Amino acid sequence: GRVNFRDEDGDIVLESDFFFWGKSDGWQLFDSPVPVEARNRKVIIEFELLSDELGPNGEGWFIDDVSVGK
């Protein structure tokens, strides 16, 4: 999966080049600054689930406790 930033119309402001993949044994913390292109404007933060189409995709991507600070 990856995190993307879209404007209010749904157009891509920044498509992340950071990808999450694999399997974990529990919750993982991800902390990243908001990209410059998405600052000081209203944006939609998109959590995009990706698949390599090689068999079962597992249980999916669980996202919890999201916060955006200044």
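Described in the following lines is the structure provided in the data block. (Residues numbered from 1 in each chain as written. Predicted model: local features only at pLDDT ≥ 70, side-chain atom pairs only at ≥ 80, totals over all residues. Heavy atoms only, no water.)

**Some thoughts on the overall build of the chain**
Here is the rule we go by: Strands here mean DSSP runs of E at least two residues long; helices mean DSSP runs of H or I at least four residues long; both are numbered from the N terminus. Residue exposure (1.4 Å probe, protein chains only): buried if accessible area is under 20% of the type maximum, exposed if over 50%, otherwise partly exposed. Note on contacts: a residue pair is in contact if any heavy atoms of the two residues lie within 4.5 Å. In this description, accessible areas are obtained by the Shrake-Rupley approach with a 1.4 Å probe, and a residue is regarded as covered only by the protein chains that are shown.
What the chain contains, in helices and strands, is zero helices and three strands. Counting helices and strands in the order they occur from the N terminus, the chain gives β-β-β. Per-residue burial for the chain yields a buried fraction of 14% across its 70 residues. Here the analysis covers contacts within the chain between residues at least 6 apart in sequence; of these, 53% occur between residues at least 24 apart. Taken as a whole, the chain presents about 6400 Å² of accessible surface, with 49% of it coming from carbon and sulfur.

**Focus: the sheet that holds strand β2 (residues 12–19)**
For clarity, the threshold we go by: For two strands to be treated as a pair, DSSP must find no fewer than two bridges joining them. Only C-alpha atoms enter the line fits that serve as axes; for helices the fit covers just the stretch in contact. Angles between N-to-C directions range over 0 to 180 degrees.
Ordered by their spatial adjacency, three strands build an open sheet running β2-β1-β3, and the pairing between neighbours is antiparallel. Since the sheet does not close on itself, it has two edges, and those belong to β2 and β3 (44–48), each with one partner. Each strand of the sheet is rotated relative to its neighbour by a mean of 20°, with strand direction disregarded. In this structure, strand β1 (residues 2–6) lies alongside β2, joined through four bridges in antiparallel fashion. When the bridges of β2 are listed, asparagine 4 appears paired with glutamate 15.

**Remarks on the environment of leucine 14**
With respect to the element layout, leucine 14 can be found in strand β2. Taking the C-alpha atoms as reference points, leucine 14 and valine 3, 11 residues apart in sequence, are found 9.2 Å from one another. Leaving out residues up to four positions away in the same chain, leucine 14 has contacts with Asn4, Phe5, Pro35 and Glu37.

**Let's talk about a nonpolar patch on the surface**
Note the following rule: Patch members must show over 30% relative accessible area and no salt bridge, and they are joined within 9 Å when carrying like charges or within 5 Å when they are nonpolar side chains of Val, Leu, Ile, Met, Phe, Trp or Tyr. The rule for a salt bridge is simple: a side-chain nitrogen of Lys or Arg has to be within 4 Å of a carboxyl oxygen of Asp or Glu.
Where nonpolar side chains cluster on the molecular surface, the patch consists of Ile45, Phe47, Ile63, Val66 and Val68 and spans about 410 Å² of accessible area. Looking at where valine 68 falls in the secondary structure, it is placed in the segment after β3. On the accessibility criterion, valine 68 (56% relative accessible area) is exposed.

**Focus on the pairing of β1**
Counting buried residues along β1, four of its five residues qualify, which places the element largely inside the surrounding structure. Relative to β3, β1 is paired through five bridges, and the arrangement is antiparallel. Its bridge partner lying in β3, phenylalanine 5 is registered against isoleucine 45.

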